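Summary of the model geometry
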Amino acid sequence: MALLLIYVPNTYREQLARGVRETVLRPVLALQRGTVERQALFADPVQLRAERDSLAAFLVGQAGVSAENRQLRELLGLRQRLPPSFVPAEIVRIPGRVSEGYFELTAGRDQGVTPGASIVAAQGLVGRVREVDGAVAFGIDWMNTEFRSSAMTVDGEVYGILEPRRIGGEALLVLTGTPRHVELDAGTMIVTSGHGGVFPRGIPIGTVIGPEGGEAEWQRNYVVRPLVSPAEMAYVLVLGEPERSLEGRDLALAWGIRPDTAAPQIPEVPPGSSGVDGEEEPAGGGAVTQSPEPAEPQLARPAALPPQPRQGLRLLGEVARPQ
Amino acid sequence: MNRVGWGFWVFVALLIALHFLLRVGLGYEQLAPDLLVVAFLLAARQLPAGYASGLGLLLGILDGALVPYALGASALALTVLGFLGARSRELFADDNYLLLAIYLFVGKWTFDLIVFLATGEVFRAGAGYLLLVSPLTALYAAAAGLIGFTVYRAFA
């Protein structure tokens, strides 16, 4: 029977594992979630403050661009951008038992996590979701032997496939299948290309260290150092389906510098025009809108923007001063 | 099968519960010894080979449920260990603490070896792990098992 368990298809094996997790191991996993949440309370406040300040600085820079972009799109009659939703989660490493590259997420189906969803950290790509239970999910990171990602340089000139390698004991990625006539310099940023539909386009993955060597005559391979080191895989975001509509929200609203009533009413997206029509938004109140993904251009009713009341900027917290 | 009282089985159940509590529930991971394998190795010596293998299968499923796509490896390892562990009582008695410690050490190391072979992990980073890290974890588990068994004996 034990041998049978090894050779049985993954689907059946996972159903059995899920059954055990949701019954016998349920109290243990509930306790684990509590532990992770408690540990998060004692996370390094200096690091958290630094991350918050970086985010604040980024938002300040993006808020104006976002408003200009929306105005221009409306002037040109382009449909609004549909930002993806995301679910915040924490990564819990699975103890022992050949678990390198596997991890548990403290959010599951109940929070809106779906199988195959991309997982990102502040620095870039972490991995993707493999299995989803009610309150937890399991994912693989870029160190897992099954990890593959279609990737490209930021300028979109060179494409290839990223796969994990252990070089000199260090877990790295290798960009394979790039054309031989193009050479990549060290430090070149590699991002997801969006090909294959596994990961959305444009998520930073890593930077080129140098050629791997031993290339075939028609291609080159490059060693890539991932931006997210294993030690940094703690607090992540699980990307969900694109939101169906902005419903008048924008970054200014998120910052509290524009009252709801003054927000411009963005024209409704006509039924059938969205690439996500027929798909439901992920459940769970934790879903927040984030970096927009461009949607296909489509004619919509041009709408004149109402005048925006100018208000003073209100800081959300104390900005940390450089040491 | 009934050579030991119910107290022993409560002790075994306690070790298994502690394993999941420490390693998973409280998040101590590798800092906590592998009490699941220790408990199973101790229990297997008190059971007929068939029962021990069956118990190994159940505990293996329980253990493997936490690692996606590795469910069968733990089950196979504990099933094999159950059979071997049940046979080991013909070789030495529980009173011999030195042999008991060696039994726990070899048992835990064998467990790691079978799991690594069954999952194919040995071909990736396994060789170094099996020769360097695995013996240390086996030593840790053996020491914890011996202390636990001594405490149990003191109160039994």
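Residues numbered from 1 in each chain as written. Chains lettered and ligands numbered in written order. Predicted model: local features only at pLDDT ≥ 70, side-chain atom pairs only at ≥ 80, totals over all residues. Heavy atoms only, no water.

1. Considering the overall build of chain A
In terms of helices and strands, chain A carries five helices and 13 strands. Relative to its full complement of 323 residues, chain A shows a buried share of 43%. Just so you have it, chain A exposes about 17500 Å², and 56% of that area is on carbon and sulfur atoms. (Helix = DSSP H or I, 4+ residues; strand = E, 2+ residues; numbered from the N terminus. Buried < 20%, exposed > 50% of the residue type's maximum accessible area, 1.4 Å probe, protein only. Areas by Shrake-Rupley, 256 points an atom, 1.4 Å probe, with all protein chains shown as cover.)

2. Thoughts on the sheet that holds strand E11 (residues 219-226) of chain A
One closed barrel accounts for six strands, arranged E6-E7-E8-E11-E10-E9 (chain A); its pairing is antiparallel. Looking at each pair of strands side by side, their axes are set apart by 45° on average, direction ignored. (Pairing = 2+ DSSP bridges. Axes fitted to C-alpha atoms, helices over the stretch in contact; angles between N-to-C directions.)

3. Focus on the interface of chain A and chain B
Of the residues lining the interface, 35 residues belong to chain A; the matching set on chain B comes to 38 residues. Viewed at the interface, chain B and chain A are joined by two residue pairs in polar contact (both at pLDDT 80 or more). Elements represented by at least two residues in the side of chain A that touches chain B include exactly helix H1 (2-7), helix H2 (10-22), helix H3 (26-41) and strand E4 (125-132) of chain A. Tallying contributions element by element places H2(A) first for the side of chain A that touches chain B, with seven residues. Across the side of chain A that touches chain B, the residue classes break down as 19 nonpolar, seven polar and nine charged. (Contact = heavy atoms within 4.5 Å. Polar contact = N/O pair within 3.5 Å; in protein donor to acceptor, adjacent residues only side chain to side chain. Nonpolar A, V, L, I, M, F, W, Y, C, P; charged D, E, K, R; others polar.)

4. Focus on the environment of Met143(A)
Along the polypeptide, Met143(A) turns up in the loop between strand E5 (137-141) and strand E6 (149-153). For the pair Met143(A) and Ala171(A), spaced 28 residues apart in sequence, the C-alpha to C-alpha distance is 6.5 Å.

5. Things to note about the pattern of salt bridges
Oppositely charged side chains can pair when the atoms bearing their charge come close. All names here are of chain A. In total, this model carries 14 salt bridges over all chains according to the counting rule given. A salt bridge links glutamate 146 to arginine 130; the nearest nitrogen and oxygen atoms lie 2.3 Å apart. Pair noted here: glutamate 146 is in the loop between E5 and E6 and arginine 130 is in strand E4, with a separation of 16 residues, a long-range link. What makes glutamate 146 partly exposed here is its relative accessible area of 38%. Residue classification places arginine 130 among the buried residues on the basis of a relative accessible area of 17%. When the shortest N-O distance is used, the salt bridge between arginine 165 and glutamate 212 registers 2.4 Å. Here arginine 165, found in strand E7 (residues 159-167), pairs with glutamate 212, found in the loop between strand E10 (204-211) and E11; they are 47 residues apart in sequence, far enough to count as distant. (Salt bridge = Lys/Arg side-chain N within 4 Å of Asp/Glu carboxyl O.)

6. Quick word on the nonpolar core
One finds Leu25(A), Phe20(B), Leu42(B) and Leu78(B) to be the most contacted residues of the largest nonpolar core, which totals 53 residues. With residues near it in sequence (within four places) discarded, Leu25(A) still touches Val20(A), Phe20(B), Leu62(B), Ala65(B) and Leu66(B). Grouped together as the second largest cluster of nonpolar side chains are 40 residues, Phe86(A), Val132(A), Val224(A) and Val228(A) included. (Core = buried A, V, L, I, M, F, W, Y, C linked by side-chain atoms within 4.5 Å.)

7. Describing unusual backbone geometry
Unusually for a residue other than glycine, Glu29(B) sits at a positive phi of about 50°. You can see Glu29(B) is positioned in the loop between helix H1 (6-25) and helix H2 (35-44).

8. A look at the pairing of E5(A)
All names here are of chain A. E5 sits mainly inside the fold: five of its five residues count as buried. The alternating pattern of E5 places Ala137, Gly139 and Asp141 on one face and Phe138 and Ile140 on the opposite face, and all of these are buried. As paired strands, strand E2 (residues 102-105) and E5 are joined by four bridges and run antiparallel to one another. Residue pairing across strands places phenylalanine 103 opposite glycine 139, the latter belonging to E5.

9. Here's the deal with the environment of Val198(A)
Residues and elements named next belong to chain A. Summarising the element assignment, valine 198 is placed in the loop between strand E9 (189-192) and E10. Expressed as a C-alpha distance, the spacing of valine 198 and alanine 117, which sit 81 residues apart in the sequence, is 7.9 Å. Valine 198 has contacts with Gly116, Ser118 and Arg128, leaving out every residue within four places of it along the chain.

10. Things to note about the packing of H1(B) against H2(B)
All names here are of chain B. Close contact between H1 and H2 brings their axes to 8 Å; oriented N to C, the two are set at 165°. Looking at the two axes, H1 sits roughly antiparallel to H2. You can see that H1 and H2 cross each other, and the crossing is left-handed. Where H1 approaches H2, its residues Phe8, Trp9, Phe11, Val12, Leu15, Ile16, Leu18, His19, Phe20 and Leu22 are matched on the opposing element by Leu35, Leu36, Val38, Ala39, Leu42 and Ala43. The residue inventory of the contact of H1 with H2, partitioned by class, reads 15 nonpolar, one polar and no charged. (Parallel < 35°, antiparallel > 145°, perpendicular 65-115°, else oblique. Left-handed = near helix turned anticlockwise from the far one by under 90°.)

11. Observations concerning the confidence of the model for chain A
Overall, the prediction assigns chain A a mean pLDDT of 72, with 69% of residues at 70 or greater. Note that residues 243-323 of chain A has pLDDT below 50 and, in this model, 137 contacts with residues that lie over four places away or in other chains. (pLDDT = per-residue confidence, 0-100.)

12. Concerning the pairing of strand E8 (residues 170-179) of chain A
Residue and element names in this part refer to chain A. Counting buried positions over the 10 residues of E8 gives seven, a clear majority of the element. Looking at chain direction, E7 and E8 are connected through seven bridges and run antiparallel. The residue of E8 that forms the bridge with leucine 162 is leucine 175. Linkage of E7 to E8, two consecutive antiparallel strands, is achieved through a turn of two residues, within which glycine 168 is found at a positive phi near 60°. Both E8 and E11 contribute to a ladder of five bridges, which runs antiparallel. The residue of E11 that forms the bridge with leucine 173 is valine 224.

13. A look at H2(B)
The buried count for H2(B) comes to 10 of 10 residues, which makes it a mostly enclosed element. Those residues of H2(B) that sit buried are Leu35(B), Leu36(B), Val37(B), Val38(B), Ala39(B), Phe40(B), Leu41(B), Leu42(B), Ala43(B) and Ala44(B).

14. Examining H2(A)
Three- or four-residue spacings in an α-helix give side chains the same orientation, since the helix completes a turn every 3.6 residues. The first and last C-alpha atoms of H2(A) sit 18 Å apart over 13 residues, in line with the 18 Å expected at 1.5 Å per residue. Turning to H2(A), its buried residues are Arg13(A), Glu14(A), Ala17(A), Val20(A) and Arg21(A). Taken down its axis, H2(A) places every buried residue within 120° of arc, on the same side. In H2(A), the exposed residues that point more than 90 degrees away from the buried face are Thr11(A) and Tyr12(A). For H2(A), the secondary structure elements touched by its buried residues are H1, H3, E4 and E5 of chain A together with helix H3 (49-64) and helix H4 (71-88) of chain B. (Expected span 1.5 Å × (residues − 1). Arc of directions from axis to C-beta.)

15. Digging into the packing of aromatic side chains
Per the counting criterion, the structure on display carries eight aromatic pairs over all chains. Its guanidinium or amino end placed over the ring of Tyr103(B), Arg45(B) lies 5.5 Å from that ring's centre, counting from NZ or CZ. (Phe/Tyr/Trp six-rings, centres within 6.5 Å; stacked < 30°, edge-to-face > 60°. Lys NZ or Arg CZ within 6 Å of the ring centre and 35° of its normal.)

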